[in-house]
Amino acid sequence: MDEREFREVLKGAVAGIHEDLEELLRMYMPMINKYSMRNGQLDEDLRQYIMIHVALNISKFGI
Amino acid sequence: MNHRQDSARDELRARFTKWLDTLVYRAKLNYLYKTRKKVETVPIEEVEEDCLSCPGFEDECIRGLSGTDEIWFEEEELGKAFKVLSPARQQILLMLFVEEKKPCEIARELNCSVQHVYNQRSLALKKLRQALGKGGESLG
């Protein structure tokens, strides 16, 4: 994904477009997985909590 | 010019990545805080006095210190070696290591000098070490 596409996806996610948010989450899944590790294992509940948190707060990001 | 625009867009991605990193980190902290194990506690005022004391424990201690009954030693050899010591030295060792009294307190109670307590302690420990070194044989 080039920079222009990224900007469009980010704009869409901030505006509340589900597909763009999904795309963004997929793009940043390695980071989310990294923070979802507890005691060396992936915590599914924590990952879900983080994704919900991102979805609820993405609109606060100023482009 | 085109290069400048690219760098501006890169800046957006970098800024968002940083923002998301902080957001996710805080979300994790929040989650861990919410799911932390809560240890149920009871205020000390609400605990009945009987629950705080261990029945018979004090009696055991007093009996042990009084010298009338045998003191229980974790190591049998040490117990045997201890019995061989003179009663005065036994008493000083008990006061020092079981009752955890200071040499000056012991000297006051036994009406002797503090130096005497130190001397008796070192002699008693020496005897114990000798006895244990011989494999717990009697000192004779």
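Just so you know, these numbers come straight off a predicted model, no measurement behind them.

Q: Whenever I open this one, the overall build of chain A confuses me. Can you help?
A: On a plain count of helices and strands, chain A comes out with four helices and two strands. Along chain A, helices (α) and strands (β) appear in the sequence α-α-α-β-β-α when read from the amino end. The 63 residues of chain A split such that 16% are buried. Nonlocal contacts in chain A, meaning residues at least 24 apart in sequence, comprise 38% of its contacts between residues at least 6 apart.

Q: Mind showing me how you'd approach the nonpolar core here?
A: Taken as a class, soluble globular proteins show a tendency for nonpolar side chains to be buried jointly. Within the largest apolar cluster, 13 residues are counted, with the highest numbers of intra-cluster contacts made by Ala13 and Ile50 of chain A together with Val24 of chain B. Counting residues per element, the ones that place at least two in this core are helix 1 (3–15), helix 2 (18–27), helix 3 (29–35) and helix 4 (44–57) of chain A together with helix 1 (2–34) of chain B. The greatest single-element share of this core, amounting to four residues, is contributed by helix 1 of chain B. Those residues in contact with Ile50 of chain A that lie beyond four places of it in its chain are Ile32, Tyr35 and Ser36 of chain A together with Val24, Ala27 and Lys28 of chain B. In this structure, Leu85, Ile92, Val117 and Ala124 of chain B belong to the second largest nonpolar core, which totals seven residues.

Q: I keep staring at the interface of chain B and chain A and nothing clicks. Help me out?
A: Facing 15 residues of chain B, the contacting portion of chain A comprises 17 residues. Residue classes in the side of chain B that touches chain A are distributed as nine nonpolar, no polar and six charged.

Q: Can you help me understand unusual backbone geometry in this one?
A: Positive phi outside glycine occurs at Asn39 of chain A, with the angle close to 55°. Along the chain, Asn39 of chain A falls in the loop between strand 1 (37–38) and strand 2 (41–42). With 5 C-beta atoms packed within 10 Å, Asn39 of chain A lands in the exposed category. A positive phi angle is found at Asn111 of chain B, which is not glycine, with a value near 55°. Along the chain, the position of Asn111 of chain B falls in the loop between helix 6 (103–110) and helix 7 (114–133).

Q: Sorry if this is basic, but what is going on with the environment of Lys101 of chain B here?
A: Residue and element names in this part refer to chain B. Mapping Lys101 onto the fold places it in the loop between helix 5 (87–98) and helix 6. Lys101 gets classed as partly exposed once you count the C-beta atoms within 10 Å, which come to 17. Setting aside residues up to four positions removed in sequence, Lys101 forms contacts with Met95, Leu96 and Ile106.

Q: Can you walk me through the packing of helix 5 of chain B against helix 7 of chain B in this structure?
A: Describing two packed helices takes the angle between their axes plus the distance from one axis to the other. All names here are of chain B. Taken N-terminus to C-terminus, the directions of helix 5 and helix 7 make an angle of 100°; their axes are 9 Å apart at the nearest point. When the interaxial angle is binned, helix 5 and helix 7 end up roughly perpendicular. Residues Ala88, Arg89, Ile92, Leu93 and Leu96 of helix 5 form the contact with helix 7, whose participating residues are Val117, Gln120, Arg121, Leu123 and Ala124. When grouped by side-chain class, the residues that make up the contact of helix 5 with helix 7 number seven nonpolar, one polar and two charged.

Q: I keep staring at helix 1 of chain A and nothing clicks. Help me out?
A: A turn of α-helix holds 3.6 residues, and therefore any two residues three or four places apart point the same way. Here helix 1 of chain A is 13 residues long and its end C-alpha atoms lie 18 Å apart, about the 18 Å a rise of 1.5 Å per residue gives. Following helix 1 of chain A by one or two positions, Gly16 of chain A has its phi on the positive side, about 100°.

Q: Explanation requested: the confidence of the model for chain B in the structure shown.
A: Detailed reading of predicted coordinates is not advised where the pLDDT is low. All names here are of chain B. Residues of chain B with pLDDT of at least 70 account for 69%, and the chain-wide mean is 77. Mean pLDDT across the elements of chain B ranges from a minimum in helix 3 (residues 57–66), with 56, to a maximum in helix 6, with 88. Contacts from residues 136–140, a stretch scored under 50 in pLDDT, to residues over four places away or in other chains number nine contacts. Two numbers describe this predicted complex: its pTM, 0.48, and its ipTM, 0.93.

What counts, and where the lines are drawn
- What you see as residue numbers is a count from 1 along each chain, following the sequence as written.
- Here every chain gets a letter starting at A, and every ligand a number starting at 1, in the order they are written.
- Whole-chain, interface and lining totals are the exception, using all residues; otherwise, since this is a predicted model, local features are given only for residues with pLDDT of at least 70 and side-chain atom pairs are given and counted only at 80 or more.
- By definition, any uninterrupted DSSP run of H or I lasting at least four residues is a helix, any uninterrupted run of E lasting at least two residues is a strand, and each is numbered from the N terminus.
- Working definition of burial: number of other C-beta atoms within 10 Å of the residue's own, with buried at 20 or more, exposed at 12 or fewer, and partly exposed in between, all C-beta atoms being placed from the backbone.
- Working definition of a contact: two residues with C-beta atoms, positioned from the backbone, lying within 7 Å.
- What makes a nonpolar core is a set of buried Ala, Val, Leu, Ile, Met, Phe, Trp, Tyr and Cys residues, with links drawn between C-beta atoms within 7 Å.
- For this classification, Asp, Glu, Lys and Arg are treated as charged, while Ala, Val, Leu, Ile, Met, Phe, Trp, Tyr, Cys and Pro are nonpolar and the rest, including Gly, are polar.
- Where helices are involved, their axes are fitted lines through C-alpha atoms of the stretch in contact, as for all axes, and angles between N-to-C directions lie from 0 to 180°.
- Orientation is classified from the angle alone, with under 35 degrees giving roughly parallel, over 145 giving roughly antiparallel, 65 to 115 giving roughly perpendicular, and any other angle giving oblique.
- Take the number of residues in a helix, subtract one, and multiply by 1.5 Å to get its expected span.
- Values of pLDDT, which run from 0 to 100, indicate the predictor's confidence residue by residue.

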